[in-house]
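Secondary and tertiary structure notes
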Amino acid sequence: MSLREAARGLVFFLLSVLAVQGEDGWRFTYAPTQICTIKGSTVTIHCTFSHPSRINDHDVTVERTFWFTEVQNKEPEDLRTDSKYAGRVQNHCGESDCTLTITDLRESDSHVYEFMLITGQGGRFIGSPGVKLTVTGFSVLITKTSWCTYPSCTWSDVQCHTSCVLNNRPSYVWYINGQNKQRQNLHFTHNFYSEDSVSCAVKGFENSPSAPVCVHGNSCNRVNYRDRSICAFKGSSVDISVDYHSFYNPTSKFWFVAEPNDRWRYGNKAKIQEQVGRFQVLETAGGRSTLRISNLRESDSAHYRFIFDPYTWWTSLPGTTLTVKDPDLQVQVIWSPSGPTLTCHSSCLLSERSSFVWYKNGTKIQGETSPSFRGLLDPGDFYSCAYERHRSLPVYAPKVPSVLMSHPGDIFKDSSVTLTCSSDAYPPHTYAWNKENQKLGSEPHLVLSSIQSSDSGEYYCTAENELGKTSSKYVLINVKYAPQTSIVSVSPPGVIVEGRPVNLTCSSDSNPAATFTWYKESRTLFRGPEGVYRFSSISSGDGGVYRCKSENQYGQTNSTSLHLDVQYAPKPPSVSASPSAETVEGSSVNLTCSSDANPAANYTWYKENKDSPKASVQIFTIADIRAEHGGNYLCAAENRRGRRHATLRLTVVTGAWKSMVTGTILAVFLLFILLAVFLWSRHKSITQQSECSKRADGGAQLGPVSDQRPAAPAVLQDDLEYTSICFNQSQTDAVYSNIRWVHPPREREEDKEEEDGVEYSAVRFHSSATGTGSQEDVEHSSPLYSTVKLNYKSTM
């Protein structure tokens, strides 16, 4: 079985696709592929199908399925839109199968039936070759005939023939002149006269007997009903017609009501009397009788038969069954490749000869009498149909849906919200909910329970039926919540180098938007709606621990700490020598180099005019120094960010120089001591002069002191007082005064004991060029020498 692409099939990018059975996952299976059945029966045609899940990286979805008959040079037509099948066709389709049911089969229904599948991407596929349906009735074949002993009589063998191969050896029913002969074989042998007609049927299909045929001649009695069943609306009118022929001129003919399987003759049945306005029998030339019933009632539902000329026609053959129902006219909208088609439908299988009326927005559409309307449809218009003054409800596309929210005002996280979509349409419509381009559900109510921040967005619903699809306005769901976890990041990522621009970014999911605060350790750096803290040129001092806080009116959250490690080249190194940069031969010295750097610097010592390094350590130790060790030493501090250096001069001295240096140091030290003593003495002298000046007015004056050393009485010696001698700085004449202590040797120890009682007297000398002092003061203009001697005598 093969699969051929439907006419103008399009699958993505308007590319034609030819799918073959078994290729690319496409498969259509019919079971069985040929069906032969009897006219008036019901048939079911079944198809299963499968398709690939994806084509060209797109999901394959089945949007439409329908059955059609083989067509030539035109679009396939859904059987439900064909007026010949109006009310007799039903489709029942699932995800992988579809069944077509046709009731009240007619011989004109004999066709090849195929199934079409249309994908959501526009591809149309047909399973071929489909199912061949043959609908046939019964006919009587005369296989043998011979004359019998009676005039106008033949002995004949007749066969009930059908083009279908019937299974399970069915039983047959034979009728002569409408009377059941209770025979069940395929062949029937009997003496037939000129007035006899014969017909047959299969057991179980008695309502579809063969047409009566004359076995001997062509003028036999026979009756054919145009319709075996008729359905009509209450209050309407109906025509029940029959074609008949009588071997003799009928003396009477009439219609009556009987049970379908009643075998009794008409004499036991109630004859239908013509009633003005209700029942009317119409006779036409050529042997047609029509029973017209007007203003139908449900009680008119019955089995109607026609008879003529008593004792010549029996009533075992079925007549016409009339069913009267309440009006249930409705317009069905059936999709087809050429667009929607409207069909006037009812539970009554209305005759295809019936005349219909179509309305658009309440106005009659002229020229439309078919049960199907194929005109151009406008989704904004209303359409209805009518039959026998009974009018259907209008059909129309959905109006613009409205959306009702169960929770007006602010919506908070973890709350519940229900959105309700409503629209007016007929036939009934389906709903679909969408968030942006995401499909959410197909119910009129969309329940968002325990709502989260991810549920924020614009929602809308659609209402759709066979006539069209409309969408509601967008409804904004704005979920309010406190900031979630604060996240910090560094841009650019990787190693942070001094001098480059660096951005610290704080981000947090919140609604409304959060305000951000940046901290370094415990110090606030920045606060604002933008969570970016910028370093236009980061420095080593910017390193440290940073964190941010995100907050809005519903809460706050703190980030984890971020350690900012700023790498930089070494700063200018600091060099030193220990114990001193001037050292003596034979001693040792430590040269130290230090520099601030990140990562830590590596140190290298070089001696001036030497290319090779002396050492690659921070502290360079030189032991047993010699003269050649003197000179300039260079320290280089280096890391992967850069290199800096500094110079130290080391001086080496010999032993003689050491003595000279030591003497110089001692001399300087002694000079410093002498200078300090001088300054102290000077300060004390100035202080004493100041005290003498204060006593100038009341002090004793001494004249010239003689050289004589009178012996002081012992008593007086015990009371000796010491006094100070002050020299007035204003005098112009030099005054020399010598005070001496005379201690006889032999009396030294005794005198020492007597010294405790000595008193000193103040001797003040005044000299003034203009003064009127004592006579001695005026006469002696030369220096005055005075000697004061203290004589100590022993008391031994």
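Please read these numbers as outputs of a predicted model, since none were measured by experiment.

1. Considerations on the sheet that holds strand β31 (residues 372–373)
Read from one edge to the other, the open sheet built from 3 strands follows the order β27-β28-β31, with strand pairing classed as antiparallel. Two strands lie at the open edges of the sheet, namely β27 (330–334) and β31, each paired on one side alone. Bridging between β27 and strand β28 (residues 341–345) involves 5 bridges; their strand directions are antiparallel. The partner of V331 across the bridge, within β28, is C344.

2. Here's the deal with the state of the cysteines
Under the counting rule described, the total for this entry stands at 10 disulfides. Across a sulfur-sulfur distance of 1.4 Å, C36 and C164 are joined as a disulfide pair. On the S-S bond that ties C36 to C164, the torsion sits near -85°, and the link is left-handed. Placement of C36 in strand β3 (residues 34–38) and of C164 in the loop between β13 (153–161) and β14 (172–176) is noted, with a sequence separation of 128 residues between them. C164 sits in the buried class, given a relative accessible area of 6%. Across a sulfur-sulfur distance of 2.0 Å, C160 and C200 are joined as a disulfide pair. Note on the C160 and C200 pair: the S-S dihedral is about 80°, so by sign convention the disulfide is right-handed. Placement of the pair is C160 in strand β13 and C200 in strand β17 (residues 197–202), with a sequence separation of 40 residues. Accessibility assignment for this pair places C160 and C200 in one class, buried. Residue C47 stays outside any disulfide, its sulfur separated by 7.5 Å from that of C98, the closest cysteine.

3. Notes on the packing of aromatic side chains
Tallied over the full model, the rule gives 26 aromatic pairs. For the ring pair W358 and F373, a centre distance of 5.7 Å and an interplane angle of 35° mean the geometry is tilted. Taken together, the positions of W358 in strand β29 (residues 357–360) and F373 in strand β31 put the pair 15 residues apart, joining distant regions of the chain. Take W358 and F373: they sit in the same class, and that class is buried. On the basis of an interplanar angle of 85° and a centroid distance of 6.0 Å, the ring pair of F535 and Y546 is categorised as edge-to-face. In this pair, F535 is assigned in strand β49 (residues 532–535) and Y546 in strand β50 (residues 544–552), connecting sequence segments 11 residues apart. The same class applies to F535 and to Y546, which are both buried.

4. Points about the confidence of the model for the protein
Overall, the predicted model of the protein reaches an average pLDDT of 78, with 77% of residues at or above 70. Ignoring residues within four places in sequence, the model shows residues 1–22, a span with pLDDT below 50, making 63 contacts including any to other chains. Within the model, pLDDT remains below 50 along residues 694–796, and this stretch shows 121 contacts once partners closer than five positions in the same chain are excluded.

5. A word on the pattern of salt bridges
Summed over all chains, the structure comprises 17 salt bridges. Between K84 and D82 there is a salt bridge, with its nearest N and O atoms 3.0 Å apart. Exposure remark for K84: the relative accessible area of 44% places this residue in the partly exposed category. Here K571 ties to E498 by a salt bridge, and the two come within 3.5 Å at their closest N and O atoms. Of the two residues, K571 is situated in the loop between β53 (566–567) and β54 (574–578) and E498 in the loop between β45 (496–497) and β46 (502–507); the sequence distance between them amounts to 73 residues. Given a relative accessible area of 27%, K571 falls into the partly exposed group. What you see here is one network of salt bridges that share partners, running through K234, E298 and D326.

6. Section: the environment of T369
Its location among the elements puts T369 in the loop between β30 (363–365) and β31. With relative accessibility at 45%, the residue T369 sits in the partly exposed group.

7. Comments concerning the pairing of β14
In terms of residue burial, β14 counts as a mostly covered element, since 5 of its 5 residues are buried. Every second residue of β14 is oriented toward a common face, with Y172, W174 and I176 on one face and V173 and Y175 on the other, all of them buried. Where β14 and β17 come together, 5 bridges link them in antiparallel fashion. Bridge pairing in β17 links I176 to V198. One ladder, built from 2 bridges, connects β14 with strand β15 (residues 179–180); its direction is antiparallel. Bridge pairing in β15 places I176 opposite Q179.

8. Focus: the sheet that holds strand β18 (residues 213–214)
The sheet built from 4 strands is open, its strands ordered β15-β14-β17-β18 with antiparallel pairing. Two strands in the sheet have a free side with no partner beyond their single neighbour: β15 and β18.

9. A few points about the nonpolar core
Ranked by size, the top nonpolar core spans 25 residues in total, and within it F28, W67, L100, I102, Y113, F115 and L133 carry the most contacts. Aside from chain neighbours lying at most four places away, what touches L133 is I35, T37, V43, I102, L105, D109, S110, H111 and Y113.

10. Side note on the pairing of strand β51 (residues 555–558)
When β50 meets β51, the two strands line up antiparallel, connected through 4 bridges. The residue bridging K549 from the neighbouring strand is N558, located in β51.

11. Things to note about the side chain of T604
Tracing the chain through its elements places T604 in strand β57 (residues 602–607). Relative accessible area serves as the criterion here: at 15%, T604 is assigned to the buried category. Beyond its immediate sequence surroundings of up to four residues, T604 is in contact with P613, A615, S616, L634, C635 and A636.

12. Notes on the environment of T517
As for its position among the elements, T517 is in strand β47 (residues 515–520). A relative accessible area of 3% places T517 in the buried class. For the pair formed by T517 and C548, sequence separation is 31 residues and the distance between their alpha carbons is 5.4 Å. Contact partners of T517, with chain neighbours within four places excluded, come to T524, F526, R527, R547, C548, K549 and E551.

Rules used throughout
- Residues numbered from 1 in each chain as written.
- Predicted model: local features only at pLDDT ≥ 70, side-chain atom pairs only at ≥ 80, totals over all residues.
- Heavy atoms only, no water.
- Pairing = 2+ DSSP bridges.
- Helix = DSSP H or I, 4+ residues; strand = E, 2+ residues; numbered from the N terminus.
- Disulfide = S-S within 2.5 Å.
- Buried < 20%, exposed > 50% of the residue type's maximum accessible area, 1.4 Å probe, protein only.
- Phe/Tyr/Trp six-rings, centres within 6.5 Å; stacked < 30°, edge-to-face > 60°.
- pLDDT = per-residue confidence, 0-100.
- Contact = heavy atoms within 4.5 Å.
- Salt bridge = Lys/Arg side-chain N within 4 Å of Asp/Glu carboxyl O.
- Core = buried A, V, L, I, M, F, W, Y, C linked by side-chain atoms within 4.5 Å.

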